[in-house]
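What follows is the residue order along each chain.
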Amino acid sequence: MGTGTAIVAAYVLAGELAAHRGDHAAAFARYESLLRTYAQGCQKSGDRTGPFLAPGSAFALRMRNWMLSRTFVLNRMPEEGRKVTDIELPDYRARRKSAPVTLRGPGPGSR
């Protein structure tokens, strides 16, 4: 879940920074409001996935292998994952046609 979460977070952060045209405080606040529930769901999902994929006993390993050999279980896994980690991403494409964002910072030659 880490890589996928990072990609989603990067997309939303870049989009919010562009949409808020240099007002990073507003962009960060909107970013957090959009991502908090999603990121928490991903973390919660990861907390369950690790112990399932790397069980601590021979019995749990046999149970995992039995479950993963059942089609009905494999078909349910993505559906169950979406319940915890679903997010509707904003479409930032329409905003691209506006003037580019100017970031204020030290000019060339500044230390």
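All values derive from a computational prediction rather than experimental measurement. (Residues numbered from 1 in each chain as written. Predicted model: local features only at pLDDT ≥ 70, side-chain atom pairs only at ≥ 80, totals over all residues. Heavy atoms only, no water.)

1. Observations regarding the side chain of Arg64
Structurally, Arg64 is set in helix H3 (residues 58-68). If near-sequence neighbours (up to four positions away) are discounted, Arg64 is found in contact with Phe52, Leu53 and Pro55. (Helix = DSSP H or I, 4+ residues; strand = E, 2+ residues; numbered from the N terminus. Contact = heavy atoms within 4.5 Å.)

2. Some words on the layout of surface pockets
In this structure, the largest pocket spans a volume of roughly 290 Å³. Every residue lining the largest pocket is counted, 10 residues in all, and those nearest its centre are Ser45, Arg48, Thr49, Met77 and Glu80. Among the secondary structure elements, those contributing two or more residues to the lining of the largest pocket are helix H2 (24-53) and helix H4 (71-85). (1 Å grid on protein atoms, 1.4 Å probe; cavity = no way out; pocket = protein on both sides within 12 Å on 5 of 7 lines; lining within 4 Å. Points joined across faces, edges and corners; volume = space filled by probe spheres on them.)

3. Describing the nonpolar core
Counting residues in each nonpolar core, the largest one holds seven residues, listed as Val8, Ala9, Val12, Leu35, Tyr38, Cys42 and Tyr92. When contributions to this core are tallied by element, the ones reaching two or more residues are helix H1 (2-19) and H2. In this structure Ala9 touches Tyr31 and Leu35, once residues within four positions along its chain are discounted. (Core = buried A, V, L, I, M, F, W, Y, C linked by side-chain atoms within 4.5 Å. Buried < 20%, exposed > 50% of the residue type's maximum accessible area, 1.4 Å probe, protein only.)

4. A short note on unusual backbone geometry
Here Arg21, not a glycine, exhibits a phi torsion of approximately 45°, which is positive. Of note, Arg21 is situated in the loop between H1 and H2. A residue is classified by how much of its surface remains accessible, and Arg21, at 44% relative accessible area, is partly exposed.

5. Observations concerning the confidence of the model for the protein chain
Taken residue by residue, the protein chain gives an average pLDDT of 81. The fraction at 70 or more is 81%. Mean pLDDT across the elements of the protein chain ranges from a minimum in H4, with 78, to a maximum in H3, with 93. Note that pLDDT drops below 50 for residues 99-111; the model gives that stretch six contacts with residues more than four away or on any other chain. (pLDDT = per-residue confidence, 0-100.)

6. Let's talk about a nonpolar patch on the surface
Together, Leu53, Leu68, Leu74 and Met77 line one region of the surface with nonpolar side chains, adding up to about 310 Å² of accessible area. Along the chain, Leu53 turns up in helix H2. (Patch = residues over 30% accessible without salt bridge, like charges linked within 9 Å, V, L, I, M, F, W, Y side chains within 5 Å. Areas by Shrake-Rupley, 256 points an atom, 1.4 Å probe, with all protein chains shown as cover. Salt bridge = Lys/Arg side-chain N within 4 Å of Asp/Glu carboxyl O.)

7. Re H2
Roughly 45° is the biggest bend found in H2, and it falls at Leu35. Here H2 has its buried residues at Ala27, Leu35, Tyr38, Gly41, Cys42 and Ser45. (Bend = angle between axes of the 7 residues up to and from the residue.)

8. A short note on the pattern of salt bridges
Applying the stated rule across the entire model yields three salt bridges. Linking Glu16 and Arg30 is a salt bridge whose minimum nitrogen-to-oxygen distance equals 3.8 Å. Of this pair, Glu16 sits in helix H1 while Arg30 sits in helix H2, and the two are 14 residues apart along the sequence. Asp91 is the partner of Arg93 in a salt bridge, and the nearest nitrogen-oxygen pair spans 2.8 Å.

9. A look at the packing of H1 against H2
Where H1 meets H2, the closest approach of the two axes is 9 Å, and the angle between their N-to-C directions is 160°. The angle between H1 and H2 places the two elements in the roughly antiparallel class. Our pair here, H1 against H2, has a crossing hand that is right-handed. Each of Gly4, Thr5, Val8, Ala9, Val12, Leu13, Glu16 and Leu17 in H1 lies in contact with H2, whose residues at this interface are His24, Ala27, Phe28, Arg30, Tyr31, Leu34, Leu35, Tyr38 and Cys42. (Axes fitted to C-alpha atoms, helices over the stretch in contact; angles between N-to-C directions. Parallel < 35°, antiparallel > 145°, perpendicular 65-115°, else oblique. Left-handed = near helix turned anticlockwise from the far one by under 90°.)

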